[in-house]
Amino acid sequence: MRVLIMTDMEGVSGIVNWDQVNGGAPMYEEGRRLYTEEVNAAVRGARAGGAREVVAVDCHGAGKGWTFNSFIPEMMECDWVSGHAWSRYTELLEKGCDAALMVGMHARAGTPEGVLCHTISTTTWRNLYFNDDCVGEFGINTALCGHYNCPVVLITGDEATCGEGRELLGDGLHAVAVKKGLTRYSARNIPPTKARGMIEDGAKKAVSSPIKTKPYVPAKPTTITVDLGSVDSAKEFMGRRGVEFENPLKIVSRGNDWMEAWNQIWHW
């Protein structure tokens, strides 16, 4: 059984501010350790559930030399992908991946109790829609997996993020909430050691139980809509093939399937 783990930092227990997730910031090394430990917990759980091949992908853009490179190497308990363009690692998916786990996820932009909530950028993206589904980064990663017929079976993060995941995939999605957001920059956290145990148990159950989620494949043809944060944000999308402006702060991309529409939006 092959299992892909896609990860982010903001949804980790104990992380509530940007200094814990921005490369080189005063609290970043603490955040890296908390992050790596939660990823390892998911790895152990996946293996206990029957996975024979596990690869973790660092999807956190920490900035500077740490972008997609925030795992602490000497602590890692599985093969991992670092430094690769966001949402573009597909090797395991192309081989035929049985399940994907999403660890340390955060809520989409504008979620009141979503800790450090945003969608890709804290300034550029306000709302993102795949057809009629309002999604965040969890939805993007899930659509990538779905394009290769891989179901997502687990989400971890704060309560709001877990609710967002189940809203998209249904109650069959295993969810482990390691904190409850109080505001965008505060939370009631579960102690990290306990949170790791919960993630390990959740990953084991998600991998070993009958899969109750279907691969997320937005209806074809696919329309992707982005509400932009400001007119300055619009500059990077001007002149792109397949991208239309409905108004100065709304762009639309249409494709025969999700990947075609997404490729027109997300250049790498």
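See the structure shown above.
Residues numbered from 1 in each chain as written. Predicted model: local features only at pLDDT ≥ 70, side-chain atom pairs only at ≥ 80, totals over all residues. Heavy atoms only, no water.

What follows deals with the overall build of the chain. If you tally the helices and strands in the chain, you get six helices and 12 strands. The C-alpha radius of gyration computed for the chain amounts to 17 Å, which stays within 12% of the reference 18 Å derived for 268 residues, consistent with globular compactness. Projecting the C-alpha coordinates of the chain onto the three principal axes gives extents of approximately 50 × 40 × 30 Å. Every one of the 268 residues in the chain was classed for burial, and the buried ones make up 54%. Summarising the internal contacts of the chain: among those between residues at least 6 apart in sequence, 69% fall at separations of at least 24. When the accessible surface of the chain is totalled, it reaches about 11,200 Å², and 47% of it is carbon and sulfur. Averaging the coordinates of the 28 positive side-chain charges in the chain and doing the same for the 33 negative ones gives two points 3 Å apart. (Helix = DSSP H or I, 4+ residues; strand = E, 2+ residues; numbered from the N terminus. Rg over C-alpha atoms; globule rule 2.2 N^0.38 Å. Buried < 20%, exposed > 50% of the residue type's maximum accessible area, 1.4 Å probe, protein only. Contact = heavy atoms within 4.5 Å. Areas by Shrake-Rupley, 256 points an atom, 1.4 Å probe, with all protein chains shown as cover. Lys, Arg positive; Asp, Glu negative; His and termini not counted. Charge placed at Lys NZ, Arg CZ, Asp CG, Glu CD.)

Spacing of three or four residues puts side chains on the same side of an α-helix, whose turn is 3.6 residues. Across its 21 residues, helix 1 (residues 28-48) extends 30 Å between first and last C-alpha, which sits within 8% of the 30 Å expected from 1.5 Å per residue. One or two steps after helix 1, the chain reaches Gly50, where phi turns positive at roughly 115°. (Expected span 1.5 Å × (residues − 1).)

To summarise the sheet geometry, strands pair through backbone hydrogen bonds and adopt either a parallel or an antiparallel arrangement. The seven strands are arranged 3-2-1-4-7-8-9 in an open sheet whose pairing can be described as mixed. Each edge of the open sheet is held by one strand with a lone partner, namely strand 3 (79-81) and strand 9 (186-189). Direction aside, the axes of adjacent strands within the sheet are offset by 25° on average. As paired elements, strand 7 (residues 152-158) and strand 8 (residues 174-183) share five bridges and run parallel to each other. Across the sheet, residue Thr156 finds its bridge partner in strand 8, namely Val176. Relative to strand 4 (residues 99-105), helix 3 (residues 137-147) is tilted by about 165°, and along the sheet it contacts strand 1 (2-7), strand 4 and strand 7. Taken strand by strand, helix 4 (residues 159-169) contacts strand 4, strand 7 and strand 8, and its axis lies near 155° from that of strand 7. (Pairing = 2+ DSSP bridges. Axes fitted to C-alpha atoms, helices over the stretch in contact; angles between N-to-C directions.)

Once the charged atoms of two side chains with opposite charge are near each other, the side chains can pair. Going through the model one piece at a time under the given rule, you end up with eight salt bridges. Glu77 is the partner of Arg44 in a salt bridge, and the nearest nitrogen-oxygen pair spans 3.1 Å. Pair noted here: Arg44 is in helix 1 and Glu77 is in the loop between strand 2 (53-58) and strand 3, with a separation of 33 residues, a long-range link. Because the salt bridges share partners, they merge into one network encompassing Arg2, Glu53 and Lys95. (Salt bridge = Lys/Arg side-chain N within 4 Å of Asp/Glu carboxyl O.)

This paragraph deals with the sheet that holds strand 12 (residues 250-255). Strand order across the open sheet formed by five strands is 6-5-10-12-11, with antiparallel pairing between neighbours. One side of each edge strand has no neighbouring strand; the edge strands of this open sheet are strand 6 (133-135) and strand 11 (243-247). Going from strand to strand, the sheet's axes swing by 25° on average, the running direction of each strand aside. Helix-sheet contacts for helix 6 (residues 258-265) involve strand 5 (125-130), strand 10 (222-228), strand 11 and strand 12, and the interaxial angle to strand 12 is about 140°.

This brings us to the nonpolar core. Leu4, Leu128, Phe130, Cys145, Trp258, Trp262 and Ile265 are the most contacted members of the largest nonpolar core, which totals 44 residues. Setting aside residues up to four positions removed in sequence, Leu128 forms contacts with Thr119, Asp133, Cys134, Val135, Ile140, Ile224, Thr225, Val226 and Trp262. Listed in part, the 37 residues of the second largest apolar core include Ala42, Val115, Val153 and Ala203. (Core = buried A, V, L, I, M, F, W, Y, C linked by side-chain atoms within 4.5 Å.)

Summarising the element assignment, Asp58 is placed in strand 2. Buried Asp58, no salt bridge; nearest opposite-charge side chain is Arg32, N-O distance 7.2 Å. Looking at Asp58, its side chain comes within polar contact range of the main-chain nitrogen of Ser70, at 2.5 Å. (Polar contact = N/O pair within 3.5 Å; in protein donor to acceptor, adjacent residues only side chain to side chain.)

Looking at chain direction, strand 11 and strand 12 are connected through four bridges and run antiparallel. Bridge assignment links Glu244 to a residue of strand 12, and that residue is Val252. Linkage of strand 11 to strand 12, two consecutive antiparallel strands, is achieved through a turn of two residues.

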